[in-house]
Amino acid sequence: MYISARKILEEELKAIFEAGLHKVEHLLSSRQGRMTVVDGKEVLNFCTNNYLGLAGSDALVEAAKKTLDEYGFGLSSVRFICGTQQVHKDLEKKTAEFLGMEDAILYSSCMAANIGFFAGFLAEQDVILSDALNHASIIDGIRACKAERFIFEHMDMQDLERGLQQAQQKRMRCVVTDGVFSMDGDVAPLQAICDLADKYDALVVVDDSHATGFMGNNGRGTHEYAGVEGRVDVITSTYGKALGGANGGFVAGRKEIIDILRERSRTYLFSNSLAPVIAGTASFAITYIQEHPELQQQLWENTRNFREQMEAAGFKIPASAHPIVPVMIGDPHKAKSIAKAMFERGIYVVAFSYPVVPQGTDRIRVQISASHTKEDISKAVDAFVKAKQ
Ligand SMILES: *Cc1c(COP(=O)(O)O)cnc(C)c1O
């Protein structure tokens, strides 16, 4: 009977709406791109993870069509029964090579990768040490695993060291961090983390979803950017951001870890193979960005340009170099009204408030793309200046 459940849910929904916390889904009626039609209005898009501008690109659409013709739409199977095609093997190999890791394993998303990862090879005798601001999917992955957990203060290496000291009697120690944190665009101190991991015999796991494809000289990610290639044991990441923006995730890392995940990781074993069209197109995207280094150069140039102009215009922006640029506003209503005024001026940005970010740190999170032009960047800065008045 749907009687008490309806009453409870109606009340919960009412509370969410009354607190102004409900999520509005804006309707796009174009491809995802530099210019996007949002709720019927064509705007310059400054709020996607489309860092290299590949999501709506003709090049990827063409590659996808070819893959569809060759491999079909779906496999109706998991990998180990009847669901492995050459595109899946190729993408795993290409991903591992691109990142400089020994092997890689595909998942239907990075969320699925993180949820299936920890329980796939850790148990009660082990401990996971996790940054307090790690992504929700890491938190859920840790919850799905019986290992003990130690949450260290955000990027606090003394706190992490305390945790590692406490964990010396454990069988395995596993430190996990986002490579880049999505709300502030701050970059994890991987050098210091790897030093501690060496000192205390711990594994280092990095979720590099906001870095794969463009951080570091070759776009490999935060490990390349931080100069710790070969020292990070595992990278989890998504094909749903810079690498084409559709779906799919992976774990790349030491051979034995990937081998054991193929045997034990539940979100891999008990969930369908990645659709071949996504596997083939993600593979194409990796080759494409290697052949087009100008995309990364443009992304970084645009990011520097935007950060400099915004700071010169007096906006408060936390120090970082990343294309995630939080413009701090500090009041939920003001942040919302600025985002609205920006939209009216043809610039699409989104305001973030509590509980997504801590109270009092209301912000507009801008995300820069390689597809933006110099004029687009100036236009966005100009719109911020006018919208703030
Ligand atoms: C976006 C993101 C994910 C989720 O990726 P999906 O492939 O969309 O599931 C996981 N971790 C981090 C850090 C992310 O930013």
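Owing to the predicted nature of the structure, the values given are computational and were not obtained by experimental measurement.

Taken together, S109, C110, M111, H135, S137, D178, D207, S209, H210, T238, K241 and G248 are the residues near the ligand. Note that a nitrogen atom of the ligand is positioned 3.5 Å from one of the side-chain N or O atoms of S209. Here the ligand loses 81% of its free accessible area of 380 Å² to cover by the protein chains. Classifying every residue of the shell around the ligand gives two nonpolar, seven polar and three charged.

Counted under the stated rule, the structure contains 10 aromatic pairs. When the centroid spacing of 6.3 Å and the interplanar angle of 45 degrees are considered together, the rings of F214 and W300 count as tilted. Of this pair, F214 sits in the loop between β7 (202–207) and α9 (222–225) while W300 sits in helix α13 (residues 293–312), placing them 86 residues apart in sequence. According to the relative accessible area criterion, W300 is buried, its value standing at 16%. Ring geometry for F315 versus F384: centroids 5.6 Å apart, planes at 65 degrees, classification edge-to-face. Of the two residues, F315 is situated in the loop between α13 and β10 (324–328) and F384 in helix α15 (residues 374–388); the sequence distance between them amounts to 69 residues. Among the aromatic residues, those joined into a cluster by ring pairs are Y51, F214 and W300. The side chain of K388 reaches across the aromatic face of F315, ending 4.9 Å from its centre.

Moving on: the sheet that holds β10. In spatial order, the strands read β10-β13-β12; together these three strands make up an open sheet with antiparallel pairing. Strands at the two margins of the open sheet, each flanked by one partner only, are β10 and β12 (350–352). Within the sheet, the average angular offset between the axes of one strand and its neighbour, ignoring direction, is 35 degrees. Summarising the sheet, β10 and strand β13 (residues 363–367) pair through five bridges and their orientation is antiparallel. What sits directly across from P326, in β13, is R365.

This part covers unusual backbone geometry. In this structure, the amide linkage connecting Y354 to the following residue, P355, adopts the cis form with an omega of 5 degrees. Along the chain, the position of P355 falls in the loop between β12 and β13. Phi angles above zero are rare outside glycine, and S76 is one such case at about 50 degrees. Secondary-structure assignment places S76 in the loop between α2 (58–71) and α3 (79–82). On the accessibility criterion, S76 (72% relative accessible area) is exposed. Positive phi outside glycine occurs at D201, with the angle close to 55 degrees. By secondary structure assignment, the location of D201 is in the loop between α8 (190–199) and β7.

Attention shifts here to helix α5 (residues 110–121). Compared with the 16 Å implied by 1.5 Å per residue over 12 residues, the 17 Å span of α5 between its first and last C-alpha is a close match. Judged by how many residues are buried, α5 sits mostly within the fold: nine of 12 residues are covered. Among all positions in α5, only C110, A112, A113, N114, G116, F117, F118, G120 and F121 are buried. Two to three positions downstream of the cap, the backbone nitrogen of M111 sits 3.3 Å from a side-chain oxygen, assigning the N-cap of α5 to S109.

Rules used throughout
- Residue numbers restart at each chain and count upward from 1, following the sequence in its written direction.
- Only residues with pLDDT of at least 70 get local features here, since the model is predicted, and only at 80 or more are side-chain atom pairs given and counted; chain-wide, interface and lining totals rely on the full set of residues.
- Hydrogens are left out, water is left out, and the side-chain values use all remaining heavy atoms of the structure.
- We call a residue near a molecule or strand whenever a single non-hydrogen atom of that residue lies within 4 Å of it.
- A 3.5 Å cut-off defines polar contacts: any pair of N or O atoms within that distance qualifies, except that in protein one atom must be a possible hydrogen donor and the other a possible acceptor, and neighbouring residues in sequence count only when both atoms are side-chain atoms.
- Methods summary: accessible areas were calculated by the Shrake-Rupley approach with a probe of 1.4 Å, and residue burial reflects only the protein chains presented.
- Following the grouping adopted for this structure description, the nonpolar residues are Ala, Val, Leu, Ile, Met, Phe, Trp, Tyr, Cys and Pro, the charged ones are Asp, Glu, Lys and Arg, and the polar ones are all others, Gly among them.
- Planes of paired rings set the category: under 30 degrees apart is stacked, over 60 is edge-to-face and the rest tilted, where pairs are Phe, Tyr or Trp rings (Trp by its six-membered ring) whose centres lie within 6.5 Å.
- Only runs of H or I of at least four residues qualify as helices and only runs of E of at least two qualify as strands under DSSP, and these elements are numbered from the N terminus.
- Only protein chains enter the calculation, and the probe is 1.4 Å; a residue is then buried if its accessible area is under 20% of its type maximum, exposed if over 50%, and partly exposed in between.
- Charge over a ring is defined by NZ of Lys or CZ of Arg lying within 6 Å of the ring centre and within 35 degrees of the ring normal.
- Strand pairing is defined by DSSP finding a minimum of two bridges between the two strands.
- Structural elements are reduced to axes, namely lines fitted to C-alpha atoms, with helices fitted over the stretch in contact, and the angle between N-to-C directions of any two is expressed from 0 to 180 degrees.
- To estimate the expected span of a helix, count its residues, drop one, and scale the result by 1.5 Å.

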